[in-house]
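# Results of the structural survey
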Amino acid sequence: LKELTPVIAALDALPTEKKAASLDAQLDKEALRPLLDQLLELVQEYDTDALEVLDRVQRLEGISDYETLMERLTYALENYDYEEAEVVLQKFIKEI
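Residues numbered from 1 in each chain as written. Predicted model: local features only at pLDDT ≥ 70, side-chain atom pairs only at ≥ 80, totals over all residues. Heavy atoms only, no water.

### What to know about the overall build of the protein chain
- The helix and strand inventory of the protein chain stands at six helices and zero strands.
- Along the protein chain, helices (α) and strands (β) appear in the sequence α-α-α-α-α-α when read from the amino end.
- Among the 96 residues that make up the protein chain, the fraction classed as buried is 30%.
- Across the protein chain, every contact between residues at least 6 apart in sequence was considered, and the portion connecting residues at least 24 apart equals 59%.
- For the protein chain, the exposed surface amounts to about 6900 Å²; the carbon and sulfur share of it is 52%. (Helix = DSSP H or I, 4+ residues; strand = E, 2+ residues; numbered from the N terminus. Buried < 20%, exposed > 50% of the residue type's maximum accessible area, 1.4 Å probe, protein only. Contact = heavy atoms within 4.5 Å. Areas by Shrake-Rupley, 256 points an atom, 1.4 Å probe, with all protein chains shown as cover.)

### Remarks on the environment of A85
- Tracing the backbone shows A85 in helix α6 (residues 82–95).
- C-alpha of A85 to C-alpha of Q44: the two residues are 41 residues apart in sequence and 9.1 Å apart in space.
- Sequence-distant contacts of A85, defined by excluding residues within four places in its chain, comprise V43, L73, A76 and L77.

### Focus on the pattern of salt bridges
- Inspection of the entire model under this criterion finds three salt bridges.
- Taking the shortest distance from any N to any O, the salt bridge between D37 and R33 comes out at 3.2 Å. Of this pair, D37 and R33 are both found in helix α3 (residues 29–44), four residues apart, which corresponds to roughly one turn of the helix.
- When its relative accessible area of 38% is taken as the criterion, D37 is described as partly exposed. (Salt bridge = Lys/Arg side-chain N within 4 Å of Asp/Glu carboxyl O.)

### Observations regarding the environment of I93
- Take I93: it is sitting in helix α6.
- Sequence-distant contacts of I93, that is, excluding residues within four places in its chain, are made with R33, L36 and L40.

And the structure:
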């Protein structure tokens, strides 16, 4: 068992799949910005197509860093609260 202790310690130090994925995935802000501009326009027009664009935003790698904002935005749009969606979206745009 003593011989395995260093091996176990080394295995514990390895990043898990989830950690590795989050370390590798950086948000592509150049791909994100046009989607956010399109989303903002749709939100300001009270257009239900905003959910489709939001879905594309949520598929971007690295977007999980903004999980709370994405949840708030999704909730607002699913409940047709376009004013709240615009507030959340404007905050998100300022953060990136």
